[in-house]
Amino acid sequence: MIEFTLWDILRNLLLATRWTILLSLVSFIGGGAVGLGLLFLRISKNKAFRTFAKYYIELFQGTPLLMQLFIAFFGLGLFGIDVPAWLAAGMALILWTAAFLAEIWRGCVESVARGQWEASASLGMGRLQQMRYVILPQALRVAIPPTVGFSVQIIKGTALTSIIGFVELSKAGTVVTNATFQPFTVYGLVALIYFALCWPLSKSSQILERKLNVAHRNH
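Residues numbered from 1 in each chain as written. Predicted model: local features only at pLDDT ≥ 70, side-chain atom pairs only at ≥ 80, totals over all residues. Heavy atoms only, no water.

- As recorded in an unreviewed UniProt entry, the protein chain goes by the name Polar amino acid transport system permease protein, listed as coming from Rhizobium binae.
- In UniProt, the protein chain has this text filed under Sequence similarities (unreviewed entry): "Belongs to the binding-protein-dependent transport system permease family. HisMQ subfamily." (UniProt positions renumbered as here; feature names shortened; annotations may be inferred.)

Right, dumping it as structure tokens:
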């Protein structure tokens, strides 16, 4: 029987952590880009755009991520489309992330006083100029805590990609447990690694939020 040291277990988990981090970054950046587009559609004066964004958000918020991953990987296979596990995981997480970020940011934009829109319009600013120079800078301060909070959910959500065979941190934990028969050690380390990934995000959010508040008061 092969003996596994603590370092052997940790090394294998850290190798898989790279994929968790990469998938989280792809999901947040890609989802943020799509979510920003959805935000503009959601607050558009065009009813068709608003309706599309509304139902998109409701669809992805109202269905389990697990189901979305399953459809992205196995559903496309029914039509003869062979999708690699990493691509299906990335696509599903991006679309899921976009829905939540768009709704978070919409709430932050709508928290800005209506008078700010009217004041900027009186200066001759167009819709995009209003958003860029007046509304978004104010909404940013409100958006930081929930956005960073949701980024933590993205990191933990990557664990669900194991259902389609993507080997990230939690999947690696299962594989290593089957090889070592040390579930408490393995999953204890998995939990510590997840905490090490998520805790700095929460702390950086608090620091950035304080800096923005100070800058706002000085301004």
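Once you've had a look at it, read on.
Focus on the overall build of the protein chain
- If you tally the helices and strands in the protein chain, you get eight helices and zero strands.
- Going residue by residue from the N terminus, the α and β elements of the protein chain occur as α-α-α-α-α-α-α-α.
- Taking all 219 residues of the protein chain together, 37% fall into the buried category.
- Intrachain contacts of the protein chain at a sequence separation of at least 6 include 75% that bridge at least 24 residues.
- Accessible surface computed for the protein chain: about 12,600 Å², of which carbon and sulfur atoms make up 69%. (Helix = DSSP H or I, 4+ residues; strand = E, 2+ residues; numbered from the N terminus. Buried < 20%, exposed > 50% of the residue type's maximum accessible area, 1.4 Å probe, protein only. Contact = heavy atoms within 4.5 Å. Areas by Shrake-Rupley, 256 points an atom, 1.4 Å probe, with all protein chains shown as cover.)

Description of the packing of aromatic side chains
- In total, this model carries nine aromatic pairs according to the counting rule given.
- Between the aromatic rings of Trp 19 and Phe 166, the centroid separation amounts to 6.5 Å while the plane-to-plane angle is 90 degrees, which identifies the pairing as edge-to-face. Pair noted here: Trp 19 is in helix H1 (residues 6-42) and Phe 166 is in the loop between helix H6 (127-157) and helix H7 (169-180), with a separation of 147 residues, a long-range link.
- Ring centres of Phe 52 and Tyr 56 lie 6.4 Å apart, and the angle between their planes is 40 degrees; on these two criteria the pair is classed as tilted. Note that Phe 52 and Tyr 56 are positioned in helix H2 (residues 47-62) at a spacing of four residues, about one turn of the helix.
- Residue Phe 52 is classed as exposed on the basis of its relative accessible area of 51%.
- A network of ring pairs unites the aromatic residues Phe 52, Tyr 56 and Phe 60 as a single cluster. (Phe/Tyr/Trp six-rings, centres within 6.5 Å; stacked < 30°, edge-to-face > 60°.)

Considerations on the UniProt feature "domain: ABC transmembrane type-1" (unreviewed entry) in the protein chain
- Under the present numbering, the feature "domain: ABC transmembrane type-1" (unreviewed entry) in UniProt falls on residues 17-205.
- In this annotation, residues 17-205 is assigned 83% helix and 0% strand; the end-to-end C-alpha distance for the span is 22 Å.

Focus on the UniProt feature "transmembrane region" (unreviewed entry) in the protein chain
- Under the UniProt annotation, the feature "transmembrane region" (unreviewed entry) is placed at residues 20-43, 55-79, 85-105, 139-164 and 184-202.
- Helix makes up 73% of residues 139-164 and strand 0%, and the two end C-alpha atoms of the span are 37 Å apart.
- A helix fraction of 100% and a strand fraction of 0% characterise residues 184-202, whose end C-alpha atoms lie 27 Å from each other.

Some words on the confidence of the model for the protein chain
- Overall, the predicted model of the protein chain reaches an average pLDDT of 89, with 95% of residues at or above 70.
- In the model of the protein chain, helix H5 (residues 114-122) stands out as the element of lowest mean pLDDT, 79, in contrast to H2, which has the highest, 96. (pLDDT = per-residue confidence, 0-100.)

Topic: the environment of Phe 52
- Along the chain, Phe 52 and Leu 41 lie eleven residues apart, while their C-alpha atoms are 7.9 Å from each other.
- Residues within four places of Phe 52 in sequence aside, it is in contact with Leu 38 and Leu 41.

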